Amino acid sequence: MFYREVGQYKTSYGADQALFPILQDRIGIAVILLIAFVGVPLTASNFTIDSILIPILVFSLAATGLNLLTGFTGLLSLGTGGFMGVGAFACYKLTTFFPNVNIIVLILCSGFFAAAVGTVFGLPSLRIKGFYLAVATLAAQFFLSWCFIRVQWLYNYNVSASIEVPTKTLFGLAVTGPTASPVTRYLIALSIVALLTLLAANLMRGRIGRTWMAVRDMDLAAELIGIRLYQTKLLAFAVSSFYCGVAGAMMVFLWLGNAESESFSINQSFLILFMVIIGGLGSLLGSFLGAALIWGLPIVLRAAPSHFGVSIHSATVEQTSFVILGALIIFFLIVEPHGLARLWQIGKQKLRVWPFPY
Amino acid sequence: MTHLLYSIFIDPFVQMGAAPDLLAQTLWEGLVSGILYALIALGFVLIFKASGVFNFAQGIMVVFSALTLVGLNEHGVPAYLALALTIVVMLALAFAVERVILRPLVNQPEIILFMATFGLTYFLIGLGELIFGGDPKVMISDQLRLPSGSYRIPMSGGYVQMQKIDIAATIIASIMVAALAVLFNRTRIGRALRAVADSHRAALSVGISLEQIWVIVWFAAGVVALATGIMWGARSNVSFALQIIALKALPVLILGGFTSIPGAIIGGIIIGVGEKIGEFYWGPLLGSGIESWFAYVIALVFLLFRPQGLFGERIIERL
């Protein structure tokens with residue numbers, strides 16, 4: 001009886017179709033946003049913000065992007081790392097061409113480059129499906145990684161073959177580069193993620209989201225009811241790559257400060273696919289939960305031994321955390337194949353009927 | 001412009017004609033790496049055919065089995081006994097995978113099973129490094145009496161060099177494929193395997209034990225992984241980097257089709273040869289290192305014309 005939506009009558013279509021039709025959800029989201037925007041910057045340490053919260057935000061956005069493609073449209077992609085790289089390198093080139101433009105605008109614009117590249121590599125998706133498509137997107141991943149090393153123009157011909165983030169200011173406050181404070185970067189990342197998530201949530205409620213889900217559930221049937229398969233799939237690739245590209249640009253400009261080809265390798269793609277599946281395919285909430293779990297868990301595992309006063313060799317800790325992570329992934333999949341988002345739904349249902357079993 | 005066209009369409013062929021020994025050498029190297037890709041792909045195909053699981057862990061199984069073999073030998077176990085023990089370890093792994101991963105996840109969508117093998121990959125990487133350490137190891141080729149050295153075959157002014165270990169790999173791969181073909185087509189187990197591949201439910205209803213079949217295919221894939229590990233290990237050394245090379249098996253699978261054993265072999269050879277030829281003759285044009293993605297592009301172009309691969313079962317979609 002903690003969570004009751006009985007008695008909340010809607011008297012207009014607008015109220016019925018609202019993003020959060022239930023009062024508790026509205027309160028919940030307001031509290032979360034309040035904590036994220038006000039509570040965290042006031043209380044959290046620089047270490048927490050820099051090595052836990054900002055990465056989680058970046059990965060949440062990338063996972064959201066992949067979720068739009070894999071979870072909502074049913075197209076399995078292993079090229080996420082590559083598309084993130086396109087965003088990052090595009091943003092870097094944009095800062096060299098337009099040094100005076102607002103950096104946030106550039107980060108968002110770099111998403112369009114990723115979208116264009118993603119659309120090109122999405123072209124085979126009409127002919128091929130499932131794991132075949134996954135391998136086709138691997139072609140994108142490997143080709144793009146190769147470009148990030150070989151095309152020297154992308155990193156302005158510097159010797160280290162890496163991109164360094166220049167210091168940019170906004171209203172006199174350093175936003176990117178080594179002098180920017182973690183709190184500033186965190187707030188900007190949070191704003192971008194919140195904005196794009198809202199956009200994604202609305203996209204999913206509308207016509208576009210419904211056509212995507214129709215294609216996911218059965219593409220032949222979707223075609224028969226008049227959905228243009230090719231446009232729909234390419235749009236999914238474009239939007240998904242846009243999100244990944246923005247996430248990649250954020251990763252370099254707001255988190256790492258510098259990056260090279262290795263930062264956008266195949267492992268990155270797998271990591272994000274992990275987050276999406278552990279979090280829950282086809283759930284925006286799941287992208288956040290998955291990112292938090294997959295990024296947070298190894299940190300907790302690494303910190304745990306020293307916390308309990310046990311001193312273990314750091315390499316051993318690393319390897320043990322691999323073993324535990326692998327076992328946990330299998331465990332989660334067995335317990336709840338639909339991901340953490342589904343666990344949350346079950347939890348909500350339990351709160352609804354408590355103290356009765358059903 | 002004409003210069004570019006010339007260097008794409010004419011110059012490589014002129015080079016091929018001018019130095020047939022180099023061409024033959026490149027072809028041979030492509031063939032050998034193709035066969036090694038094919039061996040990894042074979043492991044994938046075996047499991048995919050019988051359980052519909054896309055086993056991402058095949059690459060790490062290769063590394064893990066080779067590490068077990070070398071590690072046991074380092075602890076003073078004689079080479080052949082170590083080989084036998086490693087096979088026992090792979091059998092134990094097959095039982096464990098069936099019991100812990102496959103049985104609870106039966107009837108789940110394939111992407112979930114795919115993810116589970118991912119978990120298995122992480123688990124085995126961690127476990128392997130914990131037990132054997134993360135450093136590359138040298139394969140015990142001498143103790144296993146693998147041939148070393150090479151033959152030189154003279155050819156139009158130059159010569160073609162063939163490592164004996166490569167020839168051995170080719171022969172072992174052929175024997176293995178023949179054995180698997182016999183197993184699949186001529187034996188009772190093979191019939192059961194094919195039945196399971198067609199439909200889990202129908203196979204169950206005629207009294208085939210799914211659990212047994214899964215253990216058998218995972219064990220077979222483990223043995224294939226061990227053979228692959230020995231061959232790869234003898235050529236370079238045994239390290240976790242092999243796991244990334246295993247990803248090269250994916251374009252091979254696409255080319256050959258996910259369900260075809262001969263497809264895996266022929267696909268492997270096409271990819272291996274195509275990649276080496278591409279790198280050698282067209283690579284300088286683009287800057288080197290195109291080996292890392294060239295195979296995928298071959299596979300991609302191929303997919304556009306034949307979405308089910310060379311020998312894959314035809315994809316029929318119904319509403």
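Predicted model, so just to flag it, every value in this text is computed and none were measured. (Residues numbered from 1 in each chain as written. Chains lettered and ligands numbered in written order. Predicted model: local features only at pLDDT ≥ 70, side-chain atom pairs only at ≥ 80, totals over all residues.)

**A word on the overall build of chain A**
Stage number 1. Looking only at helices and strands, chain A features 14 helices and four strands.
Stage number 2. On C-alpha atoms alone, chain A measures out to a radius of gyration of 21 Å, which is about the 21 Å that the 2.2 N^0.38 rule sets for 358 residues.
Stage number 3. For the C-alpha atoms alone, the extent of chain A along its principal axes is close to 65 × 60 × 45 Å.
Stage number 4. Residue pairs in contact within chain A that sit at least 24 positions apart in sequence constitute 76% of those at least 6 positions apart. (Helix = DSSP H or I, 4+ residues; strand = E, 2+ residues; numbered from the N terminus. Rg over C-alpha atoms; globule rule 2.2 N^0.38 Å. Contact = placed C-beta atoms within 7 Å.)

**Observations concerning the overall build of chain B**
Stage number 1. Helix and strand content of chain B: 13 helices and two strands.
Stage number 2. In terms of C-alpha radius of gyration, chain B reaches 21 Å, essentially the compact-globule figure of 20 Å for 319 residues.
Stage number 3. Overall size of chain B, expressed as C-alpha extent along the three principal axes, is 65 × 60 × 35 Å.
Stage number 4. For chain B, with 319 residues in total, the buried portion stands at 45%. (Buried ≥ 20, exposed ≤ 12 C-beta atoms within 10 Å, placed from the backbone.)

**Re the domain arrangement of chain B**
Stage number 1. Each assigned domain of chain B is listed with its residue range as follows: domain 1 (62-240) and domain 2 (244-319).
Stage number 2. The straight-line distance from the C-alpha centre of domain 1 of chain B to that of domain 2 of chain B is 21 Å. (Domains from an automatic or database assignment.)

**Quick look at the interface of chain B and chain A**
Stage number 1. On the chain A side, the residues contacting the 36 residues of chain B number 31 residues.
Stage number 2. Secondary-structure elements contributing two or more residues to the side of chain B that touches chain A are α5 (110-132), α11 (249-256) and α13 (291-305) of chain B.
Stage number 3. Here the side of chain B that touches chain A gets 15 residues from one element, more than from any other, and that element is α5(B).

**Remarks on helix α8 (residues 207-217) of chain A**
All names here are of chain A.
Stage number 1. All of the buried residues along α8 are T211, W212 and V215. Down the axis of α8, the buried set is contained in an arc of 100°. They therefore lie on one face.
Stage number 2. Packing partners of the buried residues in α8 comprise α3 (46-72), α9 (219-224) and α10 (229-256). (Arc of directions from axis to C-beta.)

**Remarks on unusual backbone geometry**
Stage number 1. Of the consecutive residues A:W354 and A:P355, the connecting peptide bond is found in the cis state with omega at 5°.
Stage number 2. Within the fold, A:P355 resides in the segment after α14 (340-353).

**Remarks on the environment of B:G229**
Residue and element names in this part refer to chain B.
Stage number 1. Examined against the element boundaries, G229 turns out to sit in helix α9 (residues 210-235).
Stage number 2. A C-alpha to C-alpha distance of 21 Å links G229 and G263, two positions 34 residues apart in sequence.
Stage number 3. With sequence-adjacent residues up to four places away left out, G229 is seen in contact with V62, V63, S65, A66 and V238.

**A short note on the environment of B:A195**
Residues and elements named next belong to chain B.
Stage number 1. With respect to the secondary-structure elements, A195 resides in helix α7 (residues 188-198).
Stage number 2. Sequence separation between A195 and S51 is 144 residues, and the spatial gap between their C-alpha atoms is 11 Å.
Stage number 3. If we skip the residues at most four places from it in the chain, A195 touches A203 and I208.

**Some words on the pairing of strand β3 (residues 173-176) of chain A**
Residue and element names in this part refer to chain A.
Stage number 1. Looking at chain direction, strand β2 (residues 168-170) and β3 are connected through three bridges and run antiparallel. Of the residues in β3, the one forming a bridge with L170 is L173.
Stage number 2. Two successive antiparallel strands, β2 and β3, enclose a turn made up of two residues, where F171 displays a positive phi of approximately 50°. (Pairing = 2+ DSSP bridges.)

**Some thoughts on the domain arrangement of chain A**
Residue and element names in this part refer to chain A.
Stage number 1. Segmenting chain A into domains produces domain 1 (1-7 + 21-40) and domain 2 (44-353).
Stage number 2. Just the C-alpha atoms count here: the centres of domain 1 and domain 2 sit 26 Å apart.
Stage number 3. Residue-level contacts link six residues of domain 1 with six residues of domain 2.
Stage number 4. Within the side of domain 1 that touches domain 2, the residues separate by chemical class into five nonpolar, no polar and one charged. (Nonpolar A, V, L, I, M, F, W, Y, C, P; charged D, E, K, R; others polar.)

**Side note on the packing of helix α12 (residues 284-307) of chain A against helix α13 (residues 314-335) of chain A**
Residue and element names in this part refer to chain A.
Stage number 1. Where α12 meets α13, the closest approach of the two axes is 10 Å, and the angle between their N-to-C directions is 135°. Comparing their axes, α13 and α12 come out oblique. You can see that α12 and α13 cross each other, and the crossing is right-handed. Across the interface between the two elements, L297, P298, L301, R302 and P305 from α12 touch V317, S321, I324, L325 and L328 from α13. (Axes fitted to C-alpha atoms, helices over the stretch in contact; angles between N-to-C directions. Parallel < 35°, antiparallel > 145°, perpendicular 65-115°, else oblique. Left-handed = near helix turned anticlockwise from the far one by under 90°.)

**Quick word on the nonpolar core**
Stage number 1. Counting residues in hydrophobic clusters, the biggest one holds 206 residues, and the most contacted among them are A:V58, A:A88, A:V246, A:M250, B:A38, B:A41 and B:V217.
Stage number 2. If you tally residues by element for this core, the top one is α9(B), at 17 residues.
Stage number 3. Ignoring any residue separated from it by four or fewer positions in sequence, one finds B:V217 in contact with B:L46, B:I47, B:A50, B:S51 and B:L193. (Core = buried A, V, L, I, M, F, W, Y, C linked by C-beta atoms within 7 Å.)

**Considering the packing of helix α2 (residues 20-51) of chain B against helix α3 (residues 58-74) of chain B**
Each pair of packed helices can be summarised by the angle the axes make with each other and by the distance between the axes.
Residue and element names in this part refer to chain B.
Stage number 1. Close contact between α2 and α3 brings their axes to 9 Å; oriented N to C, the two are set at 115°. Crossing angle aside, the handedness with which α2 passes α3 is right-handed. Each of I40, G43 and F44 in α2 lies in contact with α3, whose residues at this interface are Q58, G59, M61 and V62.
Stage number 2. For the contact of α2 with α3, a count of residues per class yields four nonpolar, three polar and no charged.

**Considerations on the confidence of the model for chain B**
Residue and element names in this part refer to chain B.
Stage number 1. Across chain B, the average pLDDT comes to 81, with 96% of residues at or above 70.
Stage number 2. Summarising per-element confidence for chain B, the mean pLDDT is lowest in strand β1 (residues 150-155) (73) and highest in helix α4 (residues 79-102) (90).
Stage number 3. Model confidence for the complex is summarised by a pTM of 0.87, with the ipTM given as 0.80. (pLDDT = per-residue confidence, 0-100.)

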